[in-house]
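One letter stands for each residue in the lines below.
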Amino acid sequence: MVGYEPTSNQLAVHNSKARFRVNIQGRRSGKSFGAAMEILPYLLSPKTRGWIVAPNYDMCDKIARLVKEAIIMKMRLPVVAKKEISGQLYYAKIGGLESEIAIRSADNLDSLVGEGLDYMVIDEAASIKKITWEQYLRPTLSDREGWALFTSTPRGFNWLHDLWARGEDKNYKDWQSWQHPSTDSPYFKDDVEQLKKELTYETFAQEYMAAFTTFSGKVYDLQRDIHVRDDIQYNSSLPTYCSIDFGYRMPSVGWYQVDFKYEKPRVYVIDEICFEENIRTEELARMIKEKQYPVLTYYGDPAGAGTQAQSGIGDIEIFRQHGMRVRYKTDRISRNIPNGVSLLRSWFNDANGDPHIFFASHCKGAIESTENYRYPEKKADQRLKEEPLKDGRYDHFCDQMRYMFVNLFGIKQKQAGVIDW
């Protein structure tokens, strides 16, 4: 009736009789579509009540939109009660059957209390906190002995990995698990080889191969025998860029040249201002100009556009007065730190293991900063793509390096796991 022909992977989930099912799949592989179709037989059963849960309401809409299309547009069922906001389905009750479907946001805990449910689909479950499942969602399934289907791409070895492992353990009779890469699905149309060039190994493995991996420890895999070279110096035939992390206590500046003749350009770090302390913005501008590089574009932190309490003007305005126009992006995707880190990681080693960024050996501050830039130690129930440590020393050079790559090369939405898809 709705034109759905499940793939073998989807059919395995549908045919399972396990009360708790954990379906780990790569992106763009049809996991949300299959979850929506799993809801329909139960929504067509009399006097049932179910929820679609996701980290926020916008993410709930992926499955809710498919359910709405099936019951209202294709099956034309009599919906006797309905709540919609901006076209998103929040609640529906089917006439005659007295069955109900509602969406719930995991970031609104008050909405997760009180109802007994027959079923629940939890989408992007890895991005929901463990305590939300244990204290708010799981109890709603007790009265009616309801079932739960978890669908998600992985987010490291967090609590969802533990639930997935239950499905692999014969001691947990009520659990069943699956793990399917995007490349197994007919819905996946992207170019795998191109993705490998754009993404780090860890990102590709997690987002598309549905592998459990970790981003803990060093942020950037700088290897001195690969990424540091004695022959790198200013080349007048290549464009030069300058990126700046403002700040009086320890500002940081990097100069970059880019060779665009390669399929994926090669970036050379040719000079730096690093570990200099207590530098006023006017003095930093003077130090940059004294280098006398023919800079094509200056990049910097958008926060530099703010107003300083002492001078009444911002860092970027001070630079403009010194003849340097600093460019920056302000959109949500570009300003997201994990997004920028994910982009930059792929230049050290893409998924094929090829490097695309190289440091002049005399840029000792840049090398030291990059080698020592780290994620915080992993804690229980911590989300995978946390921001690297703001240690007050190594983060400054790495911040301005990120500004350069985000502004010059840009972030594609498929680059980052934390973006709402």
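Shown above is the structure to which this text applies.
Read on for an overview of the structure. In this text, all values refer to a predicted model and were calculated from it rather than measured experimentally. (Residues numbered from 1 in each chain as written. Predicted model: local features only at pLDDT ≥ 70, side-chain atom pairs only at ≥ 80, totals over all residues. Heavy atoms only, no water.)

Some words on the sheet that holds strand β11 (residues 252-259)
If you trace the seven strands from one edge of the open sheet to the other, you get β9-β15-β12-β11-β10-β13-β14, paired in mixed fashion. Unpaired on one side and paired on the other, β9 (228-229) and β14 (326-327) mark the two borders of the sheet. Relative to strand β13 (residues 295-300), strand β10 (residues 240-245) runs parallel, the two being bridged by five bridges. When the bridges of β13 are listed, serine 243 appears paired with tyrosine 299. The sheet strands contacting helix α14 (residues 394-409) are β10, β11, β12 (266-273), β13, β14 and β15 (357-360), and the helix crosses β11 at an angle near 40°. (Pairing = 2+ DSSP bridges. Helix = DSSP H or I, 4+ residues; strand = E, 2+ residues; numbered from the N terminus. Contact = heavy atoms within 4.5 Å. Axes fitted to C-alpha atoms, helices over the stretch in contact; angles between N-to-C directions.)

Brief notes about the layout of surface pockets
Here the idea is plain: a probe the size of a water molecule rolls over the atoms and shows the empty space left. Of the voids in this model, the largest pocket is the one considered here, and its volume is about 390 Å³. When contributions to the lining of the largest pocket are tallied by element, the ones reaching two or more residues are α6 (192-198) and α12 (337-348). Residue composition of the lining of the largest pocket, by class: six nonpolar, six polar and eight charged. (1 Å grid on protein atoms, 1.4 Å probe; cavity = no way out; pocket = protein on both sides within 12 Å on 5 of 7 lines; lining within 4 Å. Points joined across faces, edges and corners; volume = space filled by probe spheres on them. Nonpolar A, V, L, I, M, F, W, Y, C, P; charged D, E, K, R; others polar.)

Quick notes on the state of the cysteines
In total, this model carries zero disulfides according to the counting rule given. Free of any disulfide, cysteine 242 has its nearest cysteine sulfur in cysteine 363, 12 Å distant. (Disulfide = S-S within 2.5 Å.)

A look at helix α1 (residues 8-15)
Listed in full, the buried residues belonging to α1 are Asn9, Gln10, Val13 and His14. Looking down the long axis of α1, one finds its buried residues gathered within 140° of arc, a one-sided arrangement. Turned more than 90 degrees from where α1 packs its buried face, Ser8 and Asn15 sit exposed. The inward-facing, buried residues of α1 abut β1 (20-25), α2 (31-43), β7 (147-152) and β8 (175-180). (Buried < 20%, exposed > 50% of the residue type's maximum accessible area, 1.4 Å probe, protein only. Arc of directions from axis to C-beta.)

Examining the packing of α12 against α14
The geometry of a pair of packed helices is captured by two quantities: the angle between their axes and the separation between those axes. Put simply, α12 and α14 touch, their axes get as near as 9 Å, and they point 85° apart. It follows that α12 is roughly perpendicular to α14 by the angle criterion. Contact residues: Ile337, Gly340, Val341, Leu343, Leu344, Trp347 and Phe348 in α12; Met401, Arg402, Phe405, Val406 and Phe409 in α14. A class-by-class count of the residues in the contact of α12 with α14 yields 10 nonpolar, one polar and one charged. (Parallel < 35°, antiparallel > 145°, perpendicular 65-115°, else oblique.)

Quick word on the sheet that holds strand β3 (residues 79-85)
Taken together, eight strands build an open sheet; the order of strands is β3-β4-β5-β2-β6-β7-β1-β8 and the sheet is mixed. Strands with a single pairing partner mark the edges of an open sheet, and in this sheet they are β3 and β8. Going from strand to strand, the sheet's axes swing by 15° on average, the running direction of each strand aside. Two strands pair when backbone bridges link them, and β3 and strand β4 (residues 88-94) are joined in this way by six bridges, in the antiparallel orientation. What sits directly across from glutamate 84, in β4, is leucine 89. Set on the sheet, helix α5 (residues 159-167) makes contact with β1, β7 and β8; between it and β8 the angle comes to about 110°.

Some details on the environment of serine 29
Tracing the chain through its elements places serine 29 in the loop between β1 and α2. Along the primary structure serine 29 and aspartate 184 are separated by 155 residues, whereas in three dimensions their C-alpha atoms are 7.7 Å apart. Here the side chain of serine 29 touches glutamine 25 through a polar contact of 2.8 Å, side chain to side chain. Here the side chain of serine 29 touches glycine 26 through a polar contact of 2.5 Å, landing on its backbone oxygen. (Polar contact = N/O pair within 3.5 Å; in protein donor to acceptor, adjacent residues only side chain to side chain.)

Let's talk about the pattern of salt bridges
For the coordinates displayed, the defined rule picks out 26 salt bridges. Linking lysine 62 and glutamate 124 is a salt bridge whose minimum nitrogen-to-oxygen distance equals 3.4 Å. Of the two residues, lysine 62 is situated in helix α3 (residues 57-74) and glutamate 124 in the loop between β6 (119-123) and α4 (130-137); the sequence distance between them amounts to 62 residues. As a salt-bridge pair, glutamate 69 and lysine 74 come within 3.8 Å of each other at their nearest N and O atoms. With relative accessibility at 32%, the residue glutamate 69 sits in the partly exposed group. Of the residues examined, lysine 74 reaches a relative accessible area of 42% and is grouped as partly exposed. (Salt bridge = Lys/Arg side-chain N within 4 Å of Asp/Glu carboxyl O.)

What about the packing of α2 against α3?
Remark: α2 packs on α3, axes separated minimally by 9 Å, with the N-to-C direction vectors making an angle of 50°. With respect to α3, the element α2 is oriented oblique. Between α2 and α3 lies a crossing whose hand is right-handed. Across the interface between the two elements, Ser32, Phe33, Ala35, Ala36, Ile39, Leu40 and Leu43 of α2 pack against Lys62, Ile63, Leu66, Val67, Ala70 and Ile71 of α3. (Left-handed = near helix turned anticlockwise from the far one by under 90°.)

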